[in-house]
Amino acid sequence: MKKVIVIGAGAAGLMAAIHAARGGAEVTVLERNEKAGKKIYLTGKGRCNVTNNCDRDAFLMEVARNARFLFSALSFFSPADMMRLLEENGCPVVTQRGRRVFPESEKASDVTKTLLSICEKLGVRICLHRRVSGIAAGEDGTLQGVYAVREDPDRADVSPPAGGELIPAEAVIIATGGVSYPSTGSTGDGYRFAEAAGHRVEPAIPSLVGLEAKESWPAELQGLSLKNVSVTLKKGKKTLYTEQGEMLFTHFGYSGPLILEASCHLPEATEGCELTLDLKPGLTAEQLDARLRRDLEAGSKKQVRNILPALMPASLAEVFPRLCGLPGTQPCNQVTGAQRQRLRETVKNLPLPFRGRRGFQEAIVTRGGVSVREVNPGTMESKKVPGLFFAGEVLDVDAHTGGYNLQIAFSTGALAGASAAKERP
Ligand SMILES: Cc1cc2nc3c(=O)[nH]c(=O)nc-3n(C[C@H](O)[C@H](O)[C@H](O)COP(=O)(O)OP(=O)(O)OC[C@H]3O[C@@H](n4cnc5c(N)ncnc54)[C@H](O)[C@@H]3O)c2cc1C
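The shown structure was predicted, so the numbers you read here are calculated from the model rather than taken from an experiment. (Residues numbered from 1 in each chain as written. Predicted model: local features only at pLDDT ≥ 70, side-chain atom pairs only at ≥ 80, totals over all residues.)

**As for the overall build of the protein**
Inference 1: A tally of regular secondary structure across the protein gives 13 helices and 22 strands.
Inference 2: Within the protein, the proportion of its 425 residues that are buried is 47%.
Inference 3: Across the protein, the fraction of contacts at a sequence separation of at least 24, relative to all contacts at a separation of at least 6, is 72%. (Helix = DSSP H or I, 4+ residues; strand = E, 2+ residues; numbered from the N terminus. Buried ≥ 20, exposed ≤ 12 C-beta atoms within 10 Å, placed from the backbone. Contact = placed C-beta atoms within 7 Å.)

**Some remarks on the domain arrangement of the protein**
Inference 1: Along its sequence, the protein is carved into domain 1 (3-205 + 367-421) and domain 2 (210-358).
Inference 2: Counting residues at the interface gives four residues for domain 1, matched by five residues for domain 2.
Inference 3: A breakdown of the residues in the side of domain 1 that touches domain 2 according to their chemical character gives two nonpolar, two polar and no charged. (Domains from an automatic or database assignment. Nonpolar A, V, L, I, M, F, W, Y, C, P; charged D, E, K, R; others polar.)

**Quick word on helix α4 (residues 79-88)**
Inference 1: Buried within α4 are the following residues: Pro79, Met82 and Leu86. Along α4, the residues classed as buried sweep out an arc of 60 degrees about the axis, all on the same side. Turned more than 90 degrees away from the buried face of α4 sit Arg84 and Glu88, all of them exposed.
Inference 2: Buried residues along α4 sit in contact with β3 (51-52), α2 (56-61), β5 (93-96), β6 (100-103), α5 (108-121) and α13 (404-421).
Inference 3: One or two positions beyond α4, positive phi appears at Gly90, with a value near 85 degrees. (Arc of directions from axis to C-beta.)

**What about unusual backbone geometry?**
Inference 1: The backbone of Asn66 sits at a positive phi, close to 55 degrees, despite the residue not being glycine.
Inference 2: Structurally, Asn66 can be placed in the loop between β4 (63-65) and α3 (71-76).
Inference 3: Not every positive phi belongs to a glycine, and Arg99 is a case in point at roughly 60 degrees.
Inference 4: Inspection of the secondary structure puts Arg99 in the loop between β5 and β6.

**So, the site of the ligand**
Inference 1: Residues in contact with the ligand amount to 39 residues; listed here are only the nearest, Gly8, Gly10, Gly177, Gly185 and Gly392.
Inference 2: Of all the elements, α13 adds the most residues to the shell around the ligand, at four residues.
Inference 3: Considering only residue class, the shell around the ligand consists of 16 nonpolar, 16 polar and seven charged. (Near = placed C-beta within 6 Å.)

**Things to note about the nonpolar core**
Inference 1: Val4, Ala17, Val172, Ile173 and Phe389 are the most contacted members of the largest nonpolar core, which totals 82 residues.
Inference 2: Core analysis: the next-biggest nonpolar cluster, separate from the first, contains 39 residues, Leu226, Val347, Leu352 and Ala363 among them. (Core = buried A, V, L, I, M, F, W, Y, C linked by C-beta atoms within 7 Å.)

**Focus: the environment of Ala219**
Inference 1: Along the chain, Ala219 turns up in helix α7 (residues 217-220).
Inference 2: On the neighbour-count criterion, Ala219 (13 C-beta atoms within 10 Å) is partly exposed.
Inference 3: As a C-alpha pair, Ala219 and Phe249 span 30 residues in sequence and 6.9 Å in three-dimensional space.

**Structural notes on the packing of helix α9 (residues 285-298) against helix α12 (residues 337-348)**
Inference 1: Closest axis-to-axis distance for the α9/α12 pair is 10 Å, and the angle between their directions is 125 degrees. As judged from the angle between their axes, α9 and α12 are oblique. As for the relative orientation of α9 and α12, their crossing is right-handed in sense. Residues Ala285, Leu288, Asp289, Leu292 and Leu296 of α9 pack against Arg340, Leu343, Arg344, Val347 and Lys348 of α12.
Inference 2: In the contact of α9 with α12, the residues fall into six nonpolar, no polar and four charged. (Axes fitted to C-alpha atoms, helices over the stretch in contact; angles between N-to-C directions. Parallel < 35°, antiparallel > 145°, perpendicular 65-115°, else oblique. Left-handed = near helix turned anticlockwise from the far one by under 90°.)

**Let's talk about α12**
Since the α-helix packs 3.6 residues into each turn, any two residues three or four apart lie on the same face.
Inference 1: The end-to-end C-alpha distance of α12 is 17 Å, a good match for the 16 Å that 12 residues give at a rise of 1.5 Å each.
Inference 2: Within α12, the full set of buried residues consists of Leu343, Arg344 and Val347. For α12, the angular spread of the buried residues around the axis is 95 degrees, confining them to a single face.
Inference 3: Structurally, α12 contributes buried residues whose contacts are with α9. (Expected span 1.5 Å × (residues − 1).)

**Observations regarding the sheet that holds strand β15 (residues 238-249)**
Inference 1: Ordered in space as β18-β17-β14-β15-β16-β13-β19, the seven strands form an open sheet in which the pairing is antiparallel. Every interior strand has two partners, whereas the edge strands, β18 (350-351) and β19 (354-357), have only one.
Inference 2: Sitting on the sheet, helix α8 (residues 257-264) is in contact with β13 (211-213), β14 (225-235), β15, β16 (253-255), β17 (273-278) and β19, with an inclination near 150 degrees to β15. (Pairing = 2+ DSSP bridges.)

**Overview of the sheet that holds strand β9 (residues 143-150)**
Inference 1: Here we have three strands laid out as an open sheet, ordered β8-β9-β10, and antiparallel in their pairing. At either end of the open sheet lies a strand with only one pairing partner, and these are β8 (130-137) and β10 (165-168). Strand-to-strand, the axes of this sheet are offset by a mean angle of 35 degrees, without reference to chain direction.
Inference 2: Relative to β10, β9 is paired through four bridges, and the arrangement is antiparallel.

**Some words on the packing of helix α1 (residues 11-22) against α13**
Inference 1: In contact at an axis separation of 7 Å, α1 and α13 are set at 35 degrees when each is read in the N-to-C sense. The element α1 and its partner α13 pack so that their crossing is right-handed. Listed contacts from α13 to Ala11, Ala12, Gly13, Met15, Ala16, Ala17, Ile18, His19 and Ala20 of α1 are Leu406, Ala409, Phe410, Thr412, Gly413, Ala414, Ala416, Gly417, Ala418, Ala420 and Ala421.
Inference 2: Across the contact of α1 with α13, the residue classes break down as 15 nonpolar, five polar and no charged.

**Points about the environment of Pro168**
Inference 1: Examined against the element boundaries, Pro168 turns out to sit in strand β10.
Inference 2: Pro168 gets classed as exposed once you count the C-beta atoms within 10 Å, which come to 11.
Inference 3: With 109 residues separating them along the chain, Pro168 and Leu277 place their C-alpha atoms 56 Å apart.
Inference 4: The residues touching Pro168, leaving out its near neighbours within four places in the chain, are Lys3, Gln144 and Gly145.

Take a look at the structure:
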């Protein structure tokens, strides 16, 4: 029986183990944490948006980087296959808005439990508190297995210690994740293993992450969530992203679905990028102007700041005159045409100045990772070291929100597992 080692019991690693075992291999999963699937528990705010109920072409449109690399993996194990696997193993799923798929129970733990129960039925061995410290290769560079040490959860270092026990294997699957949410165990070990094996690793950048405000006023609005607004990200004249939905002001600046998505479209260097907010995307400039005229006339004896809550949440109305360069106490009947124009333009095009992304601690996903150029897309095998495979977020692929990132982990994991189990001709 071919011996396969999977490094990491996350979404990609568990799926790789299932497919390698189905392919007839003797499979051992080495996981540094005290439990498997630690990140899965956090997904979808504990509900786990497990995949997206769409076809391959629609899926690939949502992949931010290296979409074409995923063609074979998605054909091998599609979102429909994932939904079927869960349903057939006692975890019914539901499709919600935006084709997002969740377990019917809305419990992420049910997804992990289901994957673990399939592993158990297939005889997969999962060893917890075992941290791989390196890939073992013979003098001629052939793969021999991995070195692993016992992980003391209280003393987990960022880098794995050197040395350890040699665990022999004929195939090794690196499914160690990226570097986002490092508290879940993904601290970039896979990048170090890949580099040591001669692979190029593209620089890691936090993605699907909040943006830090350059000014202090957004922090004054901390906790304010805006629905049905539109956010636009531009670099020079080029629109990188524009979408309608929900955003959130936080102690550091901006977050919420629209901002996380916008972060996915940011180039590595963010200088020269501009983010703007349209508070009334449903109104044209003319309609908004007519509305402002009416409101100013109706409240002619009031101060400007007192008529604004009809247009926007009260806390935003407090700071809004300042953002338009207007005194909030100005009586409405003294607002000039130019000032009304400024109000109108700011409602439609409020600049959200930002200095950059938040860090990996808060990033939903890592952009960058093991270069896909040196990995065979039809098998997930290294083009440099036969018998070495990659799966999941450790690879330089990432996607938008909507269940796509987990499905990437499942699809690449499934393909890596099945390929690793195959005997060499
Ligand atoms: C808060 C949050 C919410 C999210 N929500 C969603 C969502 O709803 N839908 C969606 O599609 N995506 C979501 N994502 C993204 C998605 O969770 C990840 O893209 C996906 O889990 C990556 O899976 P992975 O198996 O590649 O990596 P990981 O889940 O990071 O798993 C890697 C595993 O490898 C282990 N490991 C690392 N190094 C070693 C080593 N040296 N030895 C042994 N073990 C090691 C780690 O402990 C870890 O268990 C979310 C992410 C976060 C952080």
